[in-house]
Structures are given as C-alpha cells and as structure tokens.
Amino acid sequence: MSKILLRLTRRKKLVTKEVETLDRCLTTLDLTALGIGATLGVGIYVLAGEVAKDTAGPAVLLSFLIAGAASFLSALCYAELGARVPLCGSAYVYSYVAVGEFVGFVIGWNLLLEYVIGTASVARAYSGYLDSLLNNTMQDHFREAMPMNISFLSTYPDFFAFLITLALTVILSVGVKESTRFNNVFTCLNIAVVLFVTIFGFIHADLDNWNIPKDQIPAKNGTGTYGDGGFFPYGLNGVLSGAATCFYGFVGFDAIATSGEEVKNPQRAIPIALIVSLVVIFVSYCGISSVLTLMVPYYLQDADAPLPGAFLYVGWPVGRWIVTVGALFGLSTSLLG
C-alpha cells in the first residue's frame with residue numbers, strides 16, 4: 001500500500017536546463033494577444049445576453065464582476081507557477097510538479113474535457129452567429145437532412161461547426177508563429193468591435209431598462225416569470241448563479257501558460273501577459289454586459305445572438321452586420337486558443 005501511495009504522490013522533477021524541442025519565438029505581446037483571443041469570445045457574444053435574460057437580469061454586470069475577481073485570483077496562481085515552471089502543459093504540469101502524479105493525472109484529463117466541451121460550444125456559437133445572417137438557412141437544411149430526436153442532444157448535427165473546427169486545426173498545424181499572426185490580427189479586430197459596441201451602445205442606452213417596474217414584466221411563455229423587475233429581478237441568488245455561468249467566459253487565459261516553452265522569456269512574459277489579458281477581458285465583459293441591458297430590456301434579450309438583436313431593437317441594422325462579423329473574428333480566436 002505504501003508503494004502505491006508513493007507512486008501516486010511522486011512529483012515530477014523540474015529540470016532547469018532541458019533540451020529545447022520547441023522554437024521560442026513568442027513575445028510578451030504575442031502571449032497577451034493569445035490570452036485575449038482565447039478568452040474574449042463566448043462571454044461577450046453569447047453568455048452576456050443569456051445570463052441577463054434568464055438568470056441575473058441587469059445585475060449580470062455584478063455577475064461578471066464576481067467571476068472576474070475569482071478569475072483574477074486564479075490568474076495570480078498561474079502567473080507564479082508559470083514563472084517558476086516555464087514548461088508546456090499548464091495546470092497539468094504545475095500539479096505534477098507541486099502536488100503529485102495522481103493529482104496531475106486527474107487535472108490533465110479534466111483539462112482535456114474542458115477543451116473538448118469549450119471547443120464544441122464555441123464552434124456552435126460561431127455557426128449560430130453566421131446562420132443568423134442567413135435567416136437560419138443552415139439550421140433548417142441540417143435539420144431537414146438529418147433530424148435527431150434525442151432529448152439530451154441537439155435537434156440536428158451542426159456540420160458547419162465541425163468544418164470550421166477542422167479548418168482552424170489546419171491553421172494551428174502550420175506552425176505557432178503563423179497561427180500567432182492570424183490570432184493577433186483577429187484579436188485586434190475583435191477588440192475594435194468591442195469598442196464599437198460599447199461606444200455606440202451607450203449612445204443608445206436607456207437607464208430606465210435598469211429599473212423596469214414589476215407590473216411591466218411579461219409572462220415567460222406560460223412557464224414562469226422574468227423575475228420582479230428592477231436591477232435585481234432574480235435576487236442575490238440570480239447574481240451568484242449568473243457568476244457561476246459567467247466564470248465560463250473567463251476560461252481560456254490558461255492558454256498563456258500552455259505556451260510556456262514557446263516564449264522567449266517565459267519568467268517575465270507569462271505573468272505580464274496573464275494580468276494584462278485578464279484586465280482587458282474583465283473591462284470588455286463589464287462594458288458589453290452594461291450596454292446590452294441598457295439598450296434592450298433584459299427579458300427581450302436574444303439568448304443565441306444578443307448583440308445583433310440589440311442593434312436591431314434600437315433600429316440600427318448596420319450595427320448588426322458589424323457585430324456579427326466581429327463575433328466571427330472573436331470566436332475564431334477562441335477556437336484557436
């Protein structure tokens with residue numbers, strides 16, 4: 001029994017001078033763009049509207065604040081471990097070195113599960129945004145070609161989501177420097193769209209949407225209500241439940257730590273990139289969640305594509321196209337991460 005315990009708790013020895021197997025070509029700026037690109041996607045283009053409508057209402061802003069605070073503490077841990085253990089593998093290697101083999105094994109498989117689920121959800125969101133421009137043409141054709149009547153699965157297989165995942169996998173396989181250039185360009189475009197939405201969204205903001213009386217809240221398709229109105233329509237429980245969902249929007253910045261062996265100066269670059277990227281992501285989420293609920297009453301949010309729906313609501317369809325194209329940029333970088 002003692003031998004088994006020793007094997008489960010044995011730790012990986014950290015060798016300071018390993019044989020270089022990867023090209024150290026990434027700068028601090030590349031790493032920061034990688035973290036922003038991998039994270040700044042689903043939270044803005046899907047989660048904000050979904051959580052506002054069904055979970056937290058206008059208080060989705062506070063949900064993102066709570067989730068951001070928890071993510072910041074996690075980022076500090078990543079920053080210290082990334083500087084001490086500048087190797088590939090992210091949380092798997094950190095756990096293996098600091099705790100032991102069994103914990104590393106469990107966390108490694110959890111990371112794989114996280115990446116599989118995350119990639120699938122982002123790919124579906126990508127397909128949904130593009131399909132919203134085509135009046136749900138892809139969705140109708142896929143459902144007609146191969147309907148699936150299984151309660152816990154989608155009603156149709158999303159072939160486009162599968163193809164876009166394969167296409168971005170090819171881009172990644174070309175090489176880290178080439179895929180980083182692609183990521184940097186799309187991340188800059190994504191941030192530009194976020195600024196556009198925030199600025200023009202506040203121009204069309206209506207503060208009354210944060211204080212809607214209860215008697216003006218409609219019924220929820222005969223199956224419930226949209227809360228009690230005001231800034232906290234679903235109460236404190238809604239804010240905390242929304243924070244748990246919003247935390248998923250911060251998943252992705254660990255891609256910075258995963259690239260430890262491809263960075264020129266990992267001890268310096270990883271902590272800086274983690275903190276800077278998380279600050280940018282945090283400010284972006286707070287700005288977008290505020291704008292969404294100020295432009296459109298929380299109960300009218302489009303859970304699948306909230307930003308295009310918001311610009312249609314205020315009577316500016318041009319903004320819908322700009323946001324949708326930006327969403328495709330942002331979700332592309334999320335898939336690359």
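Once a new chain begins, its residue numbering starts again from 1 and follows that chain's sequence as written. Where totals are concerned, whole chains, interfaces and linings use all residues; where local detail is concerned, this predicted model gives features only for residues with pLDDT of at least 70, and gives and counts side-chain atom pairs only at 80 or more. As a rule here, side-chain values cover all heavy atoms of the structure and leave hydrogens and water aside.

The next thing to look at is the pattern of salt bridges. It is possible for side chains of opposite charge to pair when their charged atoms get near one another. Salt bridge, as applied in this entry: a Lys or Arg side-chain nitrogen positioned within 4 Å of an Asp or Glu carboxyl oxygen. Going through the model one piece at a time under the given rule, you end up with two salt bridges. For D158, the salt bridge is made with R124, and the minimal N-O distance between the two is 3.1 Å. Residue D158 is found in the loop between α7 (137-145) and α8 (159-174), and its partner R124 is found in helix α6 (residues 101-133); the two are separated by 34 residues along the sequence. Take R124: its relative accessible area is 34%, and that puts it in the partly exposed class. Helix numbering and strand numbering both begin at the N terminus, where a helix is a DSSP run of H or I of at least 4 residues and a strand a DSSP run of E of at least 2. Accessibility here uses a 1.4 Å probe with only protein chains present; expressed as a share of the type maximum, an area under 20% marks a residue as buried, one over 50% as exposed, and anything in between as partly exposed.

Here a pair means two rings of Phe, Tyr or Trp (six-membered ring of Trp) with centres within 6.5 Å. Their orientation is stacked below 30 degrees between planes, edge-to-face above 60, and tilted elsewhere. Within the structure shown, the criterion is met by 15 aromatic pairs. A centroid spacing of 5.1 Å and a plane angle of 80° characterise the contact between F231 and F232, whose relative ring orientation is edge-to-face. The structure contains a cluster of three or more aromatic residues connected by ring pairs, namely F196, F200, F311 and W316.

For helix α14 (residues 317-336), with 20 residues, the first-to-last C-alpha span of 29 Å sits near the 28 Å given by 1.5 Å per residue. Of all 20 residues that make up α14, 14 are buried, and the element is covered over most of its length. Here the expected span of a helix is defined as 1.5 Å times the quantity of residues minus one.

Take the packing of α8 against α14 next. Axis lines are fitted to C-alpha atoms, over the contacting stretch for helices. Their N-to-C directions set the angle, which ranges from 0 to 180 degrees. Packing of α8 against α14 leaves a shortest axis separation of 10 Å and a crossing angle of 60°. Of the two possible hands of crossing, α8 and α14 adopt the one that is right-handed. On α14, the residues that touch I164, L168, I171 and L172 of α8 are S332, L335 and L336. Partitioning the contact of α8 with α14 into residue classes produces six nonpolar, one polar and no charged. For any pair of crossing helices, the crossing counts as left-handed if the nearer helix is rotated counterclockwise from the farther one by less than a right angle, and right-handed if it is rotated clockwise. Contacts: residue pairs with any heavy atoms within 4.5 Å of one another. Polar here means any residue other than Ala, Val, Leu, Ile, Met, Phe, Trp, Tyr, Cys and Pro, which are nonpolar, and Asp, Glu, Lys and Arg, which are charged; Gly is therefore polar.

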